[in-house]
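For reference, the chains in residue letters:
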Amino acid sequence: MSTETTTATPAAASPYSRKNPFPGRLLVNRLLSKDGSGKEIRHLEISLAGSGLSYETGDSLGVYPDNDPALVEETLAALGATGEETVPGSDGQPVPLRLALLRHYQITQPGKQFLEAIAARSEGASVIKELLADPLRKDDLAKYTHGMEVIDFLLTHPSIRFAPEEFVKLLRKLQPRLYSISSSQRVHGDEVHLTVAAVRYESHGRPRKGVASVFLAERVEDHMPVPLFFHSAKHFRLPEDPATPVIMVGPGTGIAPFRAFLQERQATGAPGKNWLFFGDQKAAYDYLYREELEEMRDGGVLTRLDTAFSRDQAEKIYVQQRMLENADELWRWLEEGAYFYVCGDASRMAKDVDAALHRIVETAGGKTPEEAALYVEALKKAKRYRRDVY
Ligand SMILES: Cc1cc2nc3c(=O)[nH]c(=O)nc-3n(C[C@H](O)[C@H](O)[C@H](O)COP(=O)(O)OP(=O)(O)OC[C@H]3O[C@@H](n4cnc5c(N)ncnc54)[C@H](O)[C@@H]3O)c2cc1C
Ligand SMILES: NC(=O)c1ccc[n+]([C@@H]2O[C@H](COP(=O)([O-])OP(=O)(O)OC[C@H]3O[C@@H](n4cnc5c(N)ncnc54)[C@H](OP(=O)(O)O)[C@@H]3O)[C@@H](O)[C@H]2O)c1
């Protein structure tokens, strides 16, 4: 990891883009969560040398993953194919079937076209036929197919034979995945850092792997570049005035952009105060970037560091509880003009943090729920309440 301060190259200088991804070389792949954690969170450093690419803090990195080669082979076997058959790739150009399944098409979660083909070709009545026939039962269909992948349907319907070209035409295009950048380019120059949770779970009796997160976690090596591009997030930048205080709420991998923010504020000598709320399951295993954060706190870059380890005690404690415990001070920061940032899980955390913010404005700010809603709305309008949630 370099610590030298460098200047970003203008993006216009680079021939690389989403359509023409840069092959980034992996420099570091380190486990951040400790053995014994319920999760596998990794810190990755990728070289941008020779790309002419630049990014800003708050941006995300787009990654084009390969599917799991073992799943590709299993799919080929289920299809009774050799892999050498020529099929149209996702861009319409002819490619061997093996490559198409590896790089062009989504072979994990099936799309509607594939499910419809299975239903149309299976004999007799079936749940899938029933659910597909009724547009009002979309949710039931999603529940029924939850945790099921293309391979499950192929293995449970061995009498259905798909010709290679017909099969790929039923699949969706393999999409790139976005990852919040956890480094400041001002500090790390030709490197980009990521904080990735490897998605692994079991469903219907089979171990499953998230396509991109496990591609990054276990398959990318020196000889295999990461096809990447930058995704600009203008809504998630640091305040233009370096004296503005910032409050950052980033549990789990939500810490990623805030590591970048703090590096940037440190490198530029920004005088504004910085307050980070971090949370995860257990302090002993899941305190991501602990040494770096404590060093920043001890060195004064981080004015306040509040943590919430949900599974270190009988009752769950989450970041929003730490916010509420510090309601008066958080309110004072807001009144001083602080920007409020949230990153991480969209489905539950971001909603609960939003509710806690309203509560703080009510209790510490002495406002009614209606006035608090207007206050938070005004924060959003002034672009002082910024979120990057997924
Ligand atoms: C702006 C943005 C920033 C992001 N930043 C980060 C980041 O910094 N770090 C990070 O790790 N991620 C981040 N993500 C999420 C990331 O983009 C991917 O969505 C994530 O890594 C999963 O992708 P995958 O290809 O590994 O999994 P996929 O192959 O896409 O698999 C995920 C799918 O698997 C299924 N699934 C998952 N768990 C289960 C289960 N238990 N049971 C049944 N089915 C299940 C679901 O259908 C789910 O949609 C970010 C996303 C966005 C949009
Ligand atoms: N859609 C979902 O249901 C779901 C759930 C979890 C994660 N994810 C996704 O999984 C990926 C990786 O997650 P991650 O490991 O980075 O972090 P994470 O699963 O979001 O967990 C980080 C911390 O947040 C806590 N947490 C759980 N619910 C919360 C809530 N309502 N409010 C505040 N904190 C809460 C967790 O506690 P506990 O785990 O002890 O409850 C944990 O301590 C992300 O992409 C995330 O979006 C999705």
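Residues numbered from 1 in each chain as written. Chains lettered and ligands numbered in written order. Predicted model: local features only at pLDDT ≥ 70, side-chain atom pairs only at ≥ 80, totals over all residues.

1. Section: the overall build of the protein chain
What counts, and what does not: Put simply, DSSP marks the helices as runs of H or I at least four residues long and the strands as runs of E at least two long, and each gets a number from the N terminus on. Residues are called buried when their C-beta atom has 20 or more other C-beta atoms within 10 Å, exposed when it has 12 or fewer, and partly exposed otherwise; all C-beta atoms are positioned from the backbone. By the convention adopted here, residues are in contact when the distance between their C-beta atoms, placed from the backbone, does not exceed 7 Å.
Summing up its helical and strand segments, the protein chain has 16 helices and 15 strands in all. Its C-alpha atoms give the protein chain principal-axis dimensions of roughly 65 × 50 × 40 Å. With 390 residues in all, the protein chain has 34% of them scored as buried. Restricting to contacts in the protein chain with at least 6 residues of sequence separation, those with at least 24 account for 73%.

2. With respect to the site of ligand 1
Let me state the cut-off plainly: Proximity of a residue to a molecule or strand is defined by its backbone-placed C-beta atom lying within 6 Å of that partner. Charged means Asp, Glu, Lys or Arg here, nonpolar means Ala, Val, Leu, Ile, Met, Phe, Trp, Tyr, Cys or Pro, and polar covers whatever is left, Gly included.
Residues in contact with ligand 1 amount to 24 residues; listed here are only the nearest, G210, V211, A212, S213 and Y390. When residues of the shell around ligand 1 are traced back to their parent elements, those giving at least two are β6 (177-180), β7 (191-197), β8 (200-203) and α9 (211-219). For the shell around ligand 1, a count of residues per class yields 11 nonpolar, 11 polar and 2 charged.

3. Some remarks on the domain arrangement of the protein chain
Using the following cut-off: Residue ranges assigned to the domains are those given by an automatic or database domain assignment.
Examined at the domain level, the protein chain breaks down into domain 1 (11-64 + 176-231), domain 2 (69-169) and domain 3 (234-389). For domain 1 versus domain 2, the separation of C-alpha centres amounts to 28 Å. Between domain 1 and domain 2, the contact holds 4 residues from the first and 5 residues from the second. Partitioned by chemical class, the residues of the side of domain 1 that touches domain 2 number 1 nonpolar, 2 polar and 1 charged.

4. A closer look at the sheet that holds strand β14 (residues 339-344)
Strand pairing within a sheet occurs via backbone hydrogen bonds; the two strands may be parallel or antiparallel. The line we're drawing: Should DSSP find at least two bridges between two strands, the strands are regarded as paired. Angles here are taken between N-to-C directions and fall from 0 to 180 degrees, while the axes themselves are lines fitted to C-alpha atoms, restricted in helices to the stretch in contact.
Pairing in this open sheet of 5 strands is parallel, and the strands run β13-β12-β11-β14-β15 from one edge to the other. Single-partner strands in this sheet number two, and they are β13 (304-309) and β15 (385-389). When the angles between neighbouring strand axes are averaged without regard to direction, this sheet yields 10 degrees. Relative to strand β12 (residues 274-280), strand β11 (residues 246-249) runs parallel, the two being bridged by 4 bridges. The residue bridging V246 from the neighbouring strand is N274, located in β12.

5. Overview of the site of ligand 2
Inspection of the region around ligand 2 gives 21 residues, with G252, T253, S310, Y318 and R348 positioned closest. Listed by contribution, the elements that provide at least two residues to the shell around ligand 2 are β12, α13 (319-325) and α15 (349-363). Here the shell around ligand 2 is built from residues that sort into 6 nonpolar, 8 polar and 7 charged.

6. Things to note about the environment of E325
Positionally, E325 belongs in helix α13. Residue class for E325 comes out partly exposed when judged on the 13 C-beta atoms lying within 10 Å of it. Distance in space between the C-alpha atoms of E325 and I360 is 9.4 Å, their sequence separation being 35 residues.

7. Concerning the nonpolar core
Defined as follows: Definition of nonpolar core: a set of buried Ala, Val, Leu, Ile, Met, Phe, Trp, Tyr and Cys residues joined via C-beta atoms within 7 Å.
L61, L216, V246, I247, M248, L276 and Y341 are the most contacted members of the largest nonpolar core, which has 63 residues in total. Two domains each put at least three residues into this core: domain 1 (11-64 + 176-231) and domain 3 (234-389). Once you skip the residues sitting within four places of it in the chain, M248 turns out to touch F258, F261, W275, L276, F277 and Y341. Counting 18 residues, the second largest nonpolar core, distinct from the first, contains V87, L101, I107 and F162.

8. Some thoughts on unusual backbone geometry
Of note, H204 is a non-glycine position whose phi angle comes to about 50 degrees, a positive value. Looking at the element boundaries, H204 is found in the loop between β8 and β9 (206-209). The exposure class of H204 is exposed, given the 11 C-beta atoms found within 10 Å. For K383, which is not a glycine, the phi torsion comes out positive at approximately 60 degrees. When you line up the elements, K383 lands in the loop between α16 (369-381) and β15. Taking the number of C-beta atoms within 10 Å as the measure of exposure, K383 has 12 and is therefore exposed.

9. Some points on the sheet that holds strand β1 (residues 22-31)
Within the open sheet, the 6 strands sit side by side as β6-β3-β10-β1-β2-β7. Their pairing is antiparallel. In this open sheet, the two edge strands, each paired with only one partner strand, are β6 and β7. Here the strands of the sheet are splayed against their neighbours by 40 degrees on average, with no regard to which way each runs. α9 rests against β2 (41-47), β3 (60-63), β6 and β7 of the sheet, and its axis sits at about 120 degrees to β7.

10. Quick notes on the packing of helix α1 (residues 69-79) against helix α2 (residues 97-104)
What counts, and what does not: If an angle is under 35 degrees, it is roughly parallel; if it is over 145, roughly antiparallel; if it lies from 65 to 115, roughly perpendicular; otherwise it is oblique. Whether a crossing is left-handed or right-handed is set by the direction in which the near helix is turned from the far one by less than a right angle, anticlockwise for left-handed and clockwise for right-handed.
At a minimum axis distance of 10 Å, the contact between α1 and α2 shows a crossing angle of 135 degrees. Between α1 and α2, the angle is such that the two are oblique. Here the hand of the crossing between α1 and α2 comes out right-handed. Within the contact between the two elements, α1 uses P69, V72, T75 and L76 and α2 uses L97, R98, L101 and L102. Here the residues of the contact of α1 with α2 sort into 6 nonpolar, 1 polar and 1 charged.

11. So, the pairing of β11
To be explicit about the condition: With the strands pointing away from the viewer, any crossover whose connection runs clockwise from the first strand over the helix to the second is right-handed.
Alternating positions in β11 separate into two faces, V246 and M248 on one and I247 and V249 on the other, with burial throughout. In this view, the connection linking β11 to its parallel neighbour β12 by way of helix α10 (residues 256-268) has right-handed handedness. Here β11 runs beside β14; their pairing, made up of 4 bridges, is parallel. Following the sheet pairing, M248 is matched in β14 by Y341.

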